[in-house]
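Structure assessment
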Amino acid sequence: MAFTLPDLPYAHDALAALGMSKETLEYHHDIHHKAYVDNGNKLIAGTEWEGKTVEEIIVGTYNKTAVAQNGIFNNASQHWNHAQFWEMMGPNGAAMPGELESALTESFGSVAKFKEDFAAAGAGQFGSGWAWLVKDADGALKVTKTENGVNPLCFGQTALLGCDVWEHSYYIDFRNKRPAYLTNFLDKLVNWENVASRL
Ligand code: MN3
């Protein structure tokens, strides 16, 4: 089915006081995310993927050698990644639900250690990509990093939290300081209720 650009779940200026400016969201959502939607729709038109869900397209085109499938994968996965990313943030500084706090403490030792691991994964991703908190098929929580548009669906994992570490995500607000962007994301921007709902 055709991809559609979802509206942001908040106003473009809603996160400005928390470290993600209106200008960043105008470029990132209205231009970058829209380009993945538009290019993806052009590439899947008339192919076997046209009637499939975005999740089916991602899993079905991941790591295939045909160049045409790479283009479809990149745009489909980036469309999905960004749709999740907008929902994983919010302006209300949502408190972390107890269920999530317990799960993070069990897996990482403490919430602080989880944040440290997540920030290190994002800072350590060489070039463009994403940092993730995932739930594995066996239920274990893990921090991972992926390159470009690759995401947890490719590995049969559930994405609980993702942070875009492409330069377009932070350069307006944080310039080259990706670690500061990641720390700010974890401390101010994450909607922990949304993360907990994915458990
Ligand atoms: Mn992006």
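Residues numbered from 1 in each chain as written. Predicted model: local features only at pLDDT ≥ 70, side-chain atom pairs only at ≥ 80, totals over all residues. Heavy atoms only, no water.

1. Considering the coordination of the manganese ion
Protein coordination at the manganese ion comes from His-28 (NE2), His-82 (NE2), Asp-164 (OD) and His-168 (NE2), with a distance range of 1.9 to 2.1 Å. Residue His-28 is classed as buried on the basis of its relative accessible area, which comes to 0%. The exposure class of His-168 is buried, given its relative accessible area of 17%. (Donors = N, O, S within 2.8 Å, 3.2 Å for Na, K, Ca; no water. Buried < 20%, exposed > 50% of the residue type's maximum accessible area, 1.4 Å probe, protein only.)

2. Concerning the pairing of strand β2 (residues 141-147)
Note: strand β1 (residues 129-135) against β2, seven bridges, orientation antiparallel. Bridge pairing in β2 links Ala-131 to Lys-145. Taking the residues that link successive antiparallel strands as the turn, the β1-β2 hairpin has five residues, and the phi of Gly-139 there is positive, at about 95 degrees. (Pairing = 2+ DSSP bridges. Helix = DSSP H or I, 4+ residues; strand = E, 2+ residues; numbered from the N terminus.)

3. Looking at unusual backbone geometry
Of note, Asn-63 is a non-glycine position whose phi angle comes to about 60 degrees, a positive value. Inspection of the secondary structure assignment puts Asn-63 in the loop between α2 (54-61) and α3 (67-87).

4. A look at the side chain of His-33
Position of His-33 relative to the elements: it lies in helix α1 (residues 22-44). Not counting residues up to four positions away in its chain, the partners in contact with His-33 are Leu-5, Pro-6, His-28, His-79, His-82, Ala-83 and Trp-86. (Contact = heavy atoms within 4.5 Å.)

5. Concerning the UniProt feature "binding site: Mn(2+)" (unreviewed entry) in the protein chain
Those places that UniProt annotates as "binding site: Mn(2+)" (unreviewed entry) correspond, in this numbering, to His-28, His-82, Asp-164 and His-168. Spatially, the listed residues are clustered: although they cover 141 residues, their C-alpha atoms lie within 12.3 Å of one another. Examined against the element boundaries, His-82 turns out to sit in helix α3. If we ignore the near neighbours within four places in the chain, the residues touching His-82 are His-28, His-33, Tyr-36, Trp-130, Asp-164 and His-168. Here Asp-164 is to be found in strand β3 (residues 158-164). Not counting residues within four places of it along the chain, the set of residues in contact with Asp-164 comprises His-28, His-82, Phe-85, Gly-129, Trp-130, Ser-169 and Tyr-181. Among the polar contacts listed, one links the side chain of Asp-164 to the side chain of His-28, at a separation of 2.9 Å. (UniProt positions renumbered as here; feature names shortened; annotations may be inferred. Polar contact = N/O pair within 3.5 Å; in protein donor to acceptor, adjacent residues only side chain to side chain.)

6. Side note on helix α6 (residues 167-174)
Buried within α6 are the following residues: His-168, Ser-169, Tyr-170 and Phe-174. For α6, the elements touching its buried residues are α1, α3, β3 and α7 (178-189). Arg-175 sits one or two residues past α6 and shows a positive phi near 50 degrees.

7. Observations concerning the sheet that holds β1
The three strands lie next to each other as β2-β1-β3, forming an open sheet whose pairing is antiparallel. Sheet topology places β2 and β3 at the edges, where each strand pairs with a single neighbour. The sheet shows a mean angle of 25 degrees between the axes of neighbouring strands, direction not considered. Taken strand by strand, helix α5 (residues 111-124) contacts β1, β2 and β3, and its axis lies near 10 degrees from that of β2. (Axes fitted to C-alpha atoms, helices over the stretch in contact; angles between N-to-C directions.)

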